[in-house]
Amino acid sequence: MNVIIFTSSPNQDGLTAACGNAAKEGVLEAGGNAKLVNLNRQKIGHCHACGSGWGPCRNDHECQVQDEFQALHASLAGFDAFVLVTPVYFGEMSESAKAFTDRLRRCEAFREKSYLEGKPIIEIAAAGGSGNGLTSCLTSLERLFLAVKAEKFDLIGVTQKNKSYKLETIKAAAKEMVSSYKCK
């Protein structure tokens, strides 16, 4: 099973990175292949809501804003499962995650067979502060992945206070996702 793990924090050694690494460990332990992509290192701009709100993304399923989104988007067809880890900023996902997922949603929501359709995803919100925005961030992620027809495998909220056992939870969830789906 090929799994792509997206992280979206500028902090290479923070909680979000630790969550991504825990997911990668779980995938590898289950015999899967893992690709870790930090969205902050990608040159992906925000959606321009082209035309009258929809450009070629709705019907052609391609974004006309030219940057690194196109290659990353096209590569999703080759993955069997997904993990998205975002820090929580004011109850929402990070700006790099938002830029990527806004464009992904527009390209995939109306595709006859979405690149994510029926494929499992683990959604992780990592709050470095109080953790008060975890629920709203996870709700936003859930709504996004429902729109592109991904199969929700797990939603995990992590804070600095529960980090030690939640990293183990993430690792176990990724391992279970690969183990349970590679048999299908």
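On a predicted model such as this, the values are computed, not experimentally measured, just so you know.

**Concerning the sheet that holds strand 3 (residues 81–87)**
Point 1. Pairing in this open sheet of five strands is parallel, and the strands run 2-1-3-4-5 from one edge to the other. Every interior strand has two partners, whereas the edge strands, strand 2 (33–38) and strand 5 (151–159), have only one. Between one strand and the next, the sheet's axes are offset by a mean angle of 15 degrees, whatever the strand orientation.
Point 2. Both strand 4 (residues 120–127) and strand 5 contribute to a ladder of eight bridges, which runs parallel. Opposite Ile122, over in strand 5, you have Asp154 as the bridge partner.
Point 3. The strands that helix 5 (residues 163–181) touches are strand 1 (2–7), strand 3, strand 4 and strand 5; relative to strand 5, the one it contacts most, it runs at about 165 degrees.

**Thoughts on empty space enclosed by the protein**
Point 1. By the definition in use, this model includes two cavities of 30 Å³ or more.
Point 2. When its volume is computed, the largest cavity comes out at roughly 80 Å³.
Point 3. Classifying every residue of the lining of the largest cavity by side-chain character gives seven nonpolar, three polar and three charged.
Point 4. In this model, the second largest cavity occupies a volume close to 50 Å³.
Point 5. Counting only elements with at least two residues in the lining of the second largest cavity, the list comes to strand 3 and helix 3 (95–108).
Point 6. Among the elements that make up the lining of the second largest cavity, the one with the highest residue count is helix 3 (three residues).

**Overview of helix 1 (residues 15–29)**
Point 1. The end-to-end C-alpha distance of helix 1, which contains 15 residues, comes to 21 Å, matching closely the 21 Å that a straight helix rising 1.5 Å per residue would cover.
Point 2. Within the span of helix 1, buried status applies to Leu15, Thr16, Ala17, Cys19, Gly20, Ala22, Ala23, Gly26 and Val27.
Point 3. On its buried side, helix 1 packs onto strand 1, strand 2, strand 3, strand 4, strand 5 and helix 5.
Point 4. Looking one or two places after helix 1, you find Gly31, whose phi comes out positive at around 90 degrees.

**What about the state of the cysteines?**
Point 1. Summed over the entire model, instances satisfying the criterion amount to zero disulfides.
Point 2. In this model Cys63 remains outside any disulfide bridge; the closest cysteine sulfur is found in Cys107, 5.4 Å from its own.
Point 3. No disulfide involves Cys137; its nearest neighbouring cysteine sulfur is the one of Cys19, lying 12 Å away.

**Observations concerning the pattern of salt bridges**
Point 1. On inspection of all chains with the given rule, the structure shows eight salt bridges.
Point 2. Between Arg111 and Glu108 there is a salt bridge, with its nearest N and O atoms 3.0 Å apart.
Point 3. Classification of Glu108 by relative accessible area gives buried; the value is 0%.
Point 4. With a shortest N-O distance of 2.4 Å, Glu142 and Lys152 are connected by a salt bridge. Pair noted here: Glu142 is in helix 4 (residues 134–147) and Lys152 is in strand 5, with a separation of 10 residues, a long-range link.
Point 5. Put simply, Glu25, Glu29, Lys171 and Lys175 are held in one network by salt bridges that share partners.

What counts and what doesn't
Residues numbered from 1 in each chain as written. Predicted model: local features only at pLDDT ≥ 70, side-chain atom pairs only at ≥ 80, totals over all residues. Heavy atoms only, no water. Pairing = 2+ DSSP bridges. Helix = DSSP H or I, 4+ residues; strand = E, 2+ residues; numbered from the N terminus. Axes fitted to C-alpha atoms, helices over the stretch in contact; angles between N-to-C directions. Contact = heavy atoms within 4.5 Å. 1 Å grid on protein atoms, 1.4 Å probe; cavity = no way out; pocket = protein on both sides within 12 Å on 5 of 7 lines; lining within 4 Å. Points joined across faces, edges and corners; volume = space filled by probe spheres on them. Nonpolar A, V, L, I, M, F, W, Y, C, P; charged D, E, K, R; others polar. Expected span 1.5 Å × (residues − 1). Buried < 20%, exposed > 50% of the residue type's maximum accessible area, 1.4 Å probe, protein only. Disulfide = S-S within 2.5 Å. Salt bridge = Lys/Arg side-chain N within 4 Å of Asp/Glu carboxyl O.

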